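In case you want the letters, here they are:
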Amino acid sequence: MDDKGNTGQEPGMQVDEANALKNSLETTAVDAEELMETEDVVTVAAQEQPENGVENGQLSDDVSKEDDSLLKEEDDEFGFCKSEATITFPVANIHKLTDSVMSHKVYIRGLPWRIMIMPRSHPDRSQGIKGLGYFLQCNAENESTSWSCHGTAELRILPANEEGETLQKTIDHIFYCKENDWGFSNFLTWNDLISPEKGFMSADNMVTFQVHCFADAPHGLAWDSRKLTGYIGLKNQGATCYMNSVLQTLFFTSKLRKAVYLMPTDSDDSFKSVSLALQRVFYELQHSDKPVGTKKLTKSFGWETLDSFMQHDVQEFCRVLIDNLESKMKGTCVEGTIPDLFRGTMISYVKCKHVEYISSREESFYDIQLNVKGNKDIIESLKAYSKPETLDGDNKFDAGGYGMQEAEKGVTFKSFPPVLHLQLLRFHYDPASDMNIKINDRYEFPERLELDEFLHETDPNDKATYILHAVLVHSGDNHGGHYIAYLNPKGDGKWCKFDDDVVSRCTRKEAFNGSFGGRDEETFIGRHSTNAYMLVYIRESKLSEVLCPISDTDVPELLVHRLNEERKVEAYRRKERMEAHLYMTVNVITEDKYWGHQSEDLFDVERPGLTSYDMEMSIETALPRQFRVLREQTFDNLMEMLSEAFGYPRPHVRAWPFSQRANSTLRPCILDELEARAKTIIELSEGEAVWNLWLELLYSDSDLECLPNFDKDGDVLVFAKMYMPSTRTLAYCGHLCVPISGTKIGDIEPELRKKAGLPADTPLLLYEEVQHSLCSHIKDKTKNLGEAMDKLMDGNIIVFQVDSPDIDSYPLPSAKAYFRDLVYRIDVVFCNKNDMCDPGFTVNLSQKMTYNQMAAEVAKHLDTDPMMLQFFRIQAVRDAPGTVIRSHFEGQLKDLLQVYGTRKFAKKLYYQELSMKVGEFENKRQFRCVYVNPKLKEEDLLLYVNKNSDVSALLAECRSKVNLPEERDMRLMEVVGAKIYTVMRPEMSIDLISNHNATSKIYRIEEIPPDQKNISEDELLINVVHFHKEVYQTFGVPFLLKIKTGERYKQIKERIQEALDMTDKDFDKWKIAVIIQGQAKYINDESDINVNVKDLSSPSYPSQAPHLCSKAWIGLDHVNKAPKRPHGRFGYLEKAIKIHN
């Protein structure tokens, strides 16, 4: 988890030994105290208890006077926001105390803190012994439930005279609304408190209590980081504190920040550009007054939401991000900035002791990894890092013409970079637990670091003196924790603590002593598991250059303009969301939306395909469709806006609101514009949040000067559609304004023929689209409109078709049949299962279709064979491919899609194209494996074999894939941890092979070398495995080697070298060891290997081939030069950090 644990103990728990007496004070009067939250305590201020004679507490801000010459305390420059203070509270006549008393407030980190003293009785103890309750209270009067503040305090009782000793205990707690006080319910027995022998109560019955408190900046309150420190923090997305610490460190590396600003991003994608996202974060950190978000940055990395809740290693993230920036800077004006800042050089050498021979090479580094275990500080770690290793005995160095020589192998530094990153290796592998554990040992680091002694050659004019710039601190263990950063932004010794969104001033004592780790008896700042994990030093001679001041002029104007425009849009969107209750949406439908509509009514109200238009933001589109308008805006104002937006004069536009009829159809209806002009839109829309309008336009090719008048009492608006049975499609043919009186239904036929472009004598069949699925045939064309139609209303739809002799030969011969079929039509979106970014395509299908009919329709769209397609259901929750749909599915499409009710929303299915018939494919099992060729090169394979087949069938399928001749034998092996675990027998069933946990187990197929086809009784196959230093750090491609009893090492070495196809020069750099039961024994050319086959053999499992040695393996010890990532702190399977863009 990315948060700080509450270390306070619950009521009834014993006091931890760490909270016992300090400064060598031993107390035996109290054997068991309870550390708990006060419950149901009646608080009475000291000044309100004159009857007890309690005096007002005397407060002071004096800090502890510790003798610390290196880390001197500094006066906080913000008064009430200081990080620590001492509260002194003398209580008079304490022997008469019957209720709780409290000190005056002292402000630490802007919150009020008080001492709370009370007598406590414990009836559950023998004789109800009375004790002293001693608590520290924080922010008790704040009613907010979201605040929290971590504090550490020393609770003391001062002696009444100079000869006495202070009684002192420590608490460490996260204070919040439900636990705003913490301390000891039985700090001391009451008798010991008032006893003259103990020396706490003075002659005038006064006892002095004192608390020295240290607190972190609070969370959840109005902490103004910019005002108090001049800097701003970063928001935590869930577990991104590691990223925030690195970003703050890079931000204050001013030279790097200036280079990031200069990276060309003018044409970059706003969502995928890492460079632009980092520029945005840096710019906001420089200018914002509120904590800066990082969601756009992580989105540019290609991360999903889940990645923001997975904590990673800060050292690894720093390397990955810097590598990404270096690659992005290539070919730009800031190319080389990363190596100029962070790259140093070291010399790796081997020096012979007895002859004049030195072999050396120069290498670059971007950080130095220092061992913490066994070293007390940086200097000791660097000495251990550069300490030569002696090569002698069996490990002598091959000095060419000088033969094998004793030598010293080591590294020395040629140059240190201007910005030096030191990675502290606090996580080490523990073989006992088979996982990494954290080393919390005390490890010190100076503010000023002298490194001349580690340089191969020093420069008297430029000493390698470094100033500490940043301390990245980890709190927690290998299972998780929290990262913060202490930064010295200007290199002037004024430190700040960056804890995600909260930035606060801090002292050197907190930044250093609190980060050293270990258990320090001289300070209570920090916890045992809180310690430095990464250090950033800047060369003193380069300090002004690296930490150069950055002004607004250093940011390119184009970048500033782009970011400002982004902020304007975001601010408007926020305003839009806040004012959403004042606005409503008006959907404007024009006649072009009717063209191509193949269903009921005039357009699809569920998917109108509207583009937005916003007058205030002036976001223009080619043809605006959706308008966001004020609810109280008048209709007249709306029409003026529509006239302007569409570019038509006001007399050329007329609005027809859509109205839902009793039969659920949606049709335009007349609106009396004279009456509506002064009315508000919300009134006209009858309170609807979305109002649909059809906008009638007088097009430019018309001879009219304005839209013809429409008599709402004498005219009726009719729409026309033409049905074509040959193609089973509808064509929209426009609208007609027809006089009601005296007009027969047959009178409109000439106008219908004209709109459809038909000859004047074409016979027509007329229908009325009444409602969904109901299209009535109008047989008597001599009837008046009111008699022929179901109900004469504006928006009625006439559907007509050509009356031809062959009409009955079509599947849907009439408009009536077509609309009946529409009841069963549904849109289905098909997406490619193997392309998660595929938007898919839509096919309109009948719910009565079978599986084969559906496959045929999809195959037409893909231009493929329907039998070469496989379909999958959708996981509704994840919107991802779900279970497979079998090709023998016997139901209808409606059963497959699970369509319920009358509303038909688009459904989604996934598909994939196959290389074989789907029926054959369904009887196969998918098997992922790796094929390794004789050159030990890997190739990923996806094989398909029959479900009831065995390993031999799998090998045959692989043989056909890689085109291997029949005479060459193959084998299947299981590889775990870069070691061959088993060799599967050919007759073993595929069903018995577990293909799970692919991250730790790999199935591998290879050709059997000729010399391994026949194994005699005195021979074995043994693993040859690559590793580096430790036998558990295996990597690379392992292979099997045949060994024989009594075989010499030189012969084995030659065959290993031959298998790896390596030159003598390269192979001689590797060390070879035999590992038996985890113990490595290094061998050389003179070593004899006496193999006892019986000792190394073990009974093989039924699934395993014989002659495979399972008790020992040959290890090749060398550096892994392939791109790799060290094992994670959280286990071997921790997800690697990747920046995908």
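Values in this document were obtained by computation on a predicted structure and should not be read as measured data.

Enquirer: Which parts of the structure should I look at to understand the overall build of the protein chain?
Expert: On a plain count of helices and strands, the protein chain comes out with 25 helices and 53 strands. With 1141 residues in all, the protein chain has 50% of them scored as buried. Residue pairs in contact within the protein chain that sit at least 24 positions apart in sequence constitute 68% of those at least 6 positions apart. Carbon and sulfur atoms provide 48% of the accessible area of the protein chain, an area that totals close to 56400 Å².

Enquirer: Just to check I follow, could you spell out the pairing of strand β37 (residues 774-778) for this structure?
Expert: The two faces of a sheet get side chains in turn, since along a regular strand they alternate between them. Summarising the sheet, strand β36 (residues 764-771) and β37 pair through 5 bridges and their orientation is antiparallel. Residue pairing in the sheet places Q771 in a bridge with L774 of β37. Connecting the antiparallel pair β36 and β37 is a turn made up of 2 residues, with S773 showing a positive phi of about 75 degrees.

Enquirer: Hey, could you run me through helix α4 (residues 254-261) in this one?
Expert: Residues spaced three or four apart along an α-helix point in a common direction, a consequence of the helix completing one turn every 3.6 residues. Most of α4 is tucked away: 6 of the 8 residues are buried. Along α4, the positions that sit buried rather than exposed are S254, L256, R257, A259, V260 and Y261. Where α4 is buried, its residues touch α3 (241-251), α5 (274-287), α7 (314-329), α8 (337-342), α11 (543-546) and α12 (557-578).

Enquirer: Any chance you could explain a positive patch on the surface here in plain terms?
Expert: There is a patch of like positive charges on the surface, built from K235, K290, K295, R574 and R577. In this structure K290 comes out as exposed when scored by relative accessible area, which is 64%.

Enquirer: Looking at this structure, I do not really get the sheet that holds strand β46 (residues 970-976). What am I missing?
Expert: One key point about sheets: their strands pair by backbone hydrogen bonds, in either a parallel or an antiparallel sense. Taken in spatial order, the 5 strands line up as β45-β44-β48-β46-β47 in an open sheet, and their pairing is mixed. Looking along the sheet, the strands with just one partner apiece sit at the ends: β45 (938-946) and β47 (979-983). On average, each strand axis in the sheet is inclined to that of its neighbour by 45 degrees, with strand direction left out of account. Sheet analysis places β46 next to strand β48 (residues 1001-1007), joined by 7 bridges and oriented antiparallel. Counted as the bridge partner of L972 is I1005 from β48. On the sheet, helix α22 (residues 951-962) packs against β44 (924-932), β45, β46 and β48 and is oriented at approximately 125 degrees with respect to β45.

Enquirer: It is not clear to me how the packing of aromatic side chains should be interpreted in this structure. Could you clarify?
Expert: The description of an aromatic ring pair rests on the distance of the ring centres and on the angle between the ring planes. Per the stated rule, a full pass over the model turns up 44 aromatic pairs. Judged by centre distance (4.9 Å) and plane angle (80 degrees), the ring pair of F251 and F252 falls under edge-to-face. One aromatic cluster is present, built from ring pairs that chain together Y594, W595, W656, W694, F710, F719 and Y732. One residue, R628, lies across the ring of Y583, its end atom 3.8 Å from the ring centre. The ring of Y824 has K848 lying over it, and the distance from NZ or CZ to the ring centre is 4.0 Å.

Enquirer: For this particular structure, what's the right way to read the packing of α5 against α12?
Expert: For any two helices packed against each other, one specifies the crossing angle of their axes together with the interaxial distance. Remark: α5 packs on α12, axes separated minimally by 11 Å, with the N-to-C direction vectors making an angle of 80 degrees. Here α5 is positioned roughly perpendicular relative to α12, judged by the angle of their axes. Contact residues: L276, Q279, R280 and Y283 in α5; L559, V560, R562, L563, N564, E566 and R567 in α12. For the contact of α5 with α12, the per-class residue count stands at 5 nonpolar, 2 polar and 4 charged.

Enquirer: How should I be thinking about the environment of L941 in this particular structure?
Expert: Locating L941 in the fold gives a position in strand β45. With relative accessibility at 9%, the residue L941 sits in the buried group. Between the alpha carbons of L941 and V930 there is a distance of 5.6 Å; along the sequence they are 11 residues apart. Residues contacting L941, with those up to four places away along its chain left out, are F927, R928, C929, Y931, C958 and V962.

Enquirer: How should the sheet that holds β37 be read in this particular structure?
Expert: In space, the 5 strands of this open sheet follow the order β35-β34-β38-β36-β37, with mixed pairing throughout. Edge positions in the open sheet fall to β35 (729-739) and β37, since each of these has one partner strand only. The sheet shows a mean angle of 30 degrees between the axes of neighbouring strands, taken without regard to direction. Contacting β34 (715-724), β35, β36 and β38 (796-802), helix α16 (residues 749-756) crosses the sheet at an angle of about 135 degrees to β35.

Enquirer: How should I be thinking about the confidence of the model for the protein chain in this particular structure?
Expert: Atomic detail in the predicted coordinates should be set aside for any region of low pLDDT. Predicted confidence across the protein chain gives a mean pLDDT of 82, with 84% of residues reaching 70 or more. Confidence over residues 521-526 falls short of pLDDT 50; this stretch has 17 contacts with residues more than four positions distant or in other chains.

Enquirer: Please clarify how helix α13 (residues 635-646) should be interpreted in this entry.
Expert: With 12 residues, α13 should cover 16 Å at 1.5 Å per step; its first-to-last C-alpha distance of 16 Å lies within 8% of that length. Among the residues of α13, those classed as buried are F635, D636, L638, M639, M641, L642, S643, A645 and F646. Among the residues trailing α13, G647 stands out with phi positive, at a value near 80 degrees.

Enquirer: In this structure, what is going on with the nonpolar core? I would like to understand it.
Expert: One broad trend across soluble globular proteins is that nonpolar side chains are buried collectively. If you look at the biggest cluster of nonpolar residues, it comprises 63 residues, and the most contacted ones within it are F282 and F301. Ranked by size, the runner-up nonpolar core spans 38 residues in total, among them W113, I117, F184 and A215.

Enquirer: I'm lost on the pattern of salt bridges in this one. Help?
Expert: Once their charged atoms are close, side chains differing in charge can pair, the charge on each being opposite to the other. What the rule picks out here adds up to 43 salt bridges. The partner of E673 in a salt bridge is R650, with the nearest N and O atoms 3.1 Å apart. Highlighted residues: E673 in helix α14 (residues 673-676) and R650 in the loop between α13 and β31 (653-660), separated in sequence by 23 residues. Here E696 and R654 are joined by a salt bridge, their closest N and O atoms 3.0 Å apart. Placement of E696 in strand β33 (residues 690-697) and of R654 in strand β31 is noted, with a sequence separation of 42 residues between them. As far as the burial class goes, E696 and R654 line up, both buried. Through salt bridges with shared partners, a single network forms among R109, D216, K497 and E510.

Definitions and cut-offs
Residues numbered from 1 in each chain as written. Predicted model: local features only at pLDDT ≥ 70, side-chain atom pairs only at ≥ 80, totals over all residues. Heavy atoms only, no water. Helix = DSSP H or I, 4+ residues; strand = E, 2+ residues; numbered from the N terminus. Buried < 20%, exposed > 50% of the residue type's maximum accessible area, 1.4 Å probe, protein only. Contact = heavy atoms within 4.5 Å. Areas by Shrake-Rupley, 256 points an atom, 1.4 Å probe, with all protein chains shown as cover. Pairing = 2+ DSSP bridges. Patch = residues over 30% accessible without salt bridge, like charges linked within 9 Å, V, L, I, M, F, W, Y side chains within 5 Å. Salt bridge = Lys/Arg side-chain N within 4 Å of Asp/Glu carboxyl O. Lys, Arg positive; Asp, Glu negative; His and termini not counted. Charge placed at Lys NZ, Arg CZ, Asp CG, Glu CD. Axes fitted to C-alpha atoms, helices over the stretch in contact; angles between N-to-C directions. Phe/Tyr/Trp six-rings, centres within 6.5 Å; stacked < 30°, edge-to-face > 60°. Lys NZ or Arg CZ within 6 Å of the ring centre and 35° of its normal. Parallel < 35°, antiparallel > 145°, perpendicular 65-115°, else oblique. Nonpolar A, V, L, I, M, F, W, Y, C, P; charged D, E, K, R; others polar. pLDDT = per-residue confidence, 0-100. Expected span 1.5 Å × (residues − 1). Core = buried A, V, L, I, M, F, W, Y, C linked by side-chain atoms within 4.5 Å.

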